[in-house]
Amino acid sequence: MTQTRGLPIQNDSDAAIVARVLAGDSGAYSVIVARYRAQYGRYAVRMLGSREDAEEALQDAFVRAYRSLAKCDEPERFAPWFFRILANRCRTAGTRRGRRERTFVNDEIALLSASEEHPAERAAWREELDRALQRLDTDQREAFLLKHVEELGYDDMAAITGVGVSALKMRVKRACERLRELLDEVQGD
Amino acid sequence: MRCKVTEESREGQGLSPFIAQIAAELKRPVRLDPRFDERVMEALHAPEVIPLHPTRQADKPGTRRPWIARTWTLHVSPIGAFAAAAALVGVVAFGAWQLSPIDQVQVASEQFTDGLTPVSNTGAEPLVVHQFTYYQKGLQSISLEGDFNDWNADSTSLTEVSPGVWTVSLRLRPGVYEYQFILNGKQRVADPTMPQTSSDFGSPNSVVTVSAKVAR
């Protein structure tokens, strides 16, 4: 018979877990990984358009965060600190991808959760949307995802990207306009 | 285009339906490799890249390596080199004659009769901590039901440890388990980040393979 009792550490705050890791309990870091894998995995996939690239960037970010954990001045705010690392890794990975001249990789992720009512229609819509998203400039795509998908405020976005609020607002606005253009083009076909 | 896009509202009047529709689509969870956590934990302890040609301490001005680490040059005449090679061959041949194959077998045999027994799996497999996580903002509660708790959602609740991040960890025996999350006490959903299988009740179950390897 399996035991189903939750473990106290799983409900601990980020700061408590970070303290455990810094005290030598490296296994406690798995709690952090499991806690933020889904949330930030989604961001990485949307930024990079490919599950493989996203997993690589996310893993790299987790490893870098682990090795720099002592430099996390506010462990209770581990999530935004980690997000900053991940955003940098995604930008670097996006640059590498640009060099490879790959514009978009449509893997199975886009089709995993297709609507039960109109799966083909929904899959096609997602494909167009993902393609349009990947055609945005990296800065615009990042700003759009942080604002409208991750639902961050502009101050938090500025802390993560190191870009001023005014510039971020402009990027979000431009991203919205560009997405509309791109999707209207498809709609007009 | 298969999906109609509604008109965008003016700037500053809130989120337009157009953007809201896109955002909702992009908020769908994604599925990562089920071994992702394991890979990350392995990578944490992987050695960092060691430069192929590290700068040697002795190369820096003002430093001197110990004698054992210094580079020495030995000049030998052809006759001297031949004599040294012959001596080396002689030493190797003498050693091989002293240690016969029978002696080697006897040594190996003695090791096995020295009270050692083969390793065997004598006990039950240990429990492994597995963490279940669900990410969605705006929920009141999430519970978990599956093979491991006889599909009793009342026994296992998730805790919101960070805005929208719900989690609970269970000690499980290694094996394959099916499960679902219950959102706000009524909506059954599969874990969008894990493989799924059909269930007897319409909505798919998620499948997790708990491996003893990840026990820590």
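If you're wondering where the values come from, they're calculated on a predicted model, not measured in any experiment.

Side note on helix H1 (residues 17–26) of chain B
Here's step 1: Those residues of H1 of chain B not exposed but buried are Phe18, Ile19, Ile22, Ala23, Glu25 and Leu26 of chain B. Viewed along the axis of H1 of chain B, the buried residues span an arc of 160°, placing them on a single side of the element.

Some remarks on the pairing of strand S8 (residues 205–210) of chain B
Residues and elements named next belong to chain B.
Here's step 1: A large share of S8 lies buried, amounting to five of its six residues.
Here's step 2: Sheet topology note: the strand S5 (residues 175–183)/S8 ladder contains five bridges and is antiparallel. Across the sheet, the residue bridging to tyrosine 179 is serine 206, located in S8.

As for the side chain of arginine 42 of chain A
Here's step 1: Among the structural elements, arginine 42 of chain A can be located in helix H2 (residues 29–48).
Here's step 2: Classification of arginine 42 of chain A by relative accessible area gives buried; the value is 5%.
Here's step 3: Side-chain polar atoms of arginine 42 of chain A contact the side chain of glutamate 150 of chain A, separated by 3.4 Å.
Here's step 4: Beyond its immediate stretch of four places on either side in the chain, arginine 42 of chain A contacts Val149 and Glu150 of chain A together with Leu26, Lys27, Arg28, Val30 and Tyr135 of chain B.

Concerning the packing of helix H7 (residues 138–149) of chain A against H1 of chain B
Here's step 1: It is at 10 Å that the axes of H7 of chain A and H1 of chain B come closest, and there the two elements cross at 90°. Between H7 of chain A and H1 of chain B, the angle is such that the two are roughly perpendicular. Between H7 of chain A and H1 of chain B, the contacting residues are Phe144, Leu145, His148 and Val149 of chain A on the first element and Ile19, Ile22, Ala23 and Leu26 of chain B on the second.
Here's step 2: Tallied by class, residues from the contact of H7 of chain A with H1 of chain B come to seven nonpolar, one polar and no charged.

Quick word on the sheet that holds strand S4 (residues 165–172) of chain B
Here's step 1: On the basis of which strands lie adjacent, the open sheet formed by three strands has the order S1-S4-S3 (chain B) and antiparallel pairing. Of all strands in the sheet, those bounded by a partner on one side alone are strand S1 (128–135) and strand S3 (159–162) of chain B. Adjacent strand axes in the sheet meet at a mean angle of 40°, parallel and antiparallel pairs treated alike.
Here's step 2: Where S1 of chain B and S4 of chain B come together, eight bridges link them in antiparallel fashion. Along S4 of chain B, the bridge assignment pairs valine 129 of chain B with arginine 171 of chain B.
Here's step 3: Contacting S1, S3 and S4 of chain B, H2 of chain A runs over the sheet at an angle of about 30° to S1 of chain B.

What to know about the pairing of strand S2 (residues 142–146) of chain B
All names here are of chain B.
Here's step 1: For S2, a buried count of five out of five residues is recorded, marking the element as mostly surrounded by other parts of the structure.
Here's step 2: By the alternation rule, side chains of S2 split into Ile142, Leu144 and Gly146 and Ser143 and Glu145, which are all buried.
Here's step 3: Here S2 pairs with S5 via five bridges, running antiparallel. When the sheet's bridge partners are listed, glutamate 145 is paired in S5 with glutamine 180.

Analysis parameters
- Residues numbered from 1 in each chain as written.
- Chains lettered and ligands numbered in written order.
- Predicted model: local features only at pLDDT ≥ 70, side-chain atom pairs only at ≥ 80, totals over all residues.
- Heavy atoms only, no water.
- Buried < 20%, exposed > 50% of the residue type's maximum accessible area, 1.4 Å probe, protein only.
- Helix = DSSP H or I, 4+ residues; strand = E, 2+ residues; numbered from the N terminus.
- Arc of directions from axis to C-beta.
- Pairing = 2+ DSSP bridges.
- Polar contact = N/O pair within 3.5 Å; in protein donor to acceptor, adjacent residues only side chain to side chain.
- Contact = heavy atoms within 4.5 Å.
- Axes fitted to C-alpha atoms, helices over the stretch in contact; angles between N-to-C directions.
- Parallel < 35°, antiparallel > 145°, perpendicular 65-115°, else oblique.
- Nonpolar A, V, L, I, M, F, W, Y, C, P; charged D, E, K, R; others polar.

Any link to function would need more than the numbers given here.
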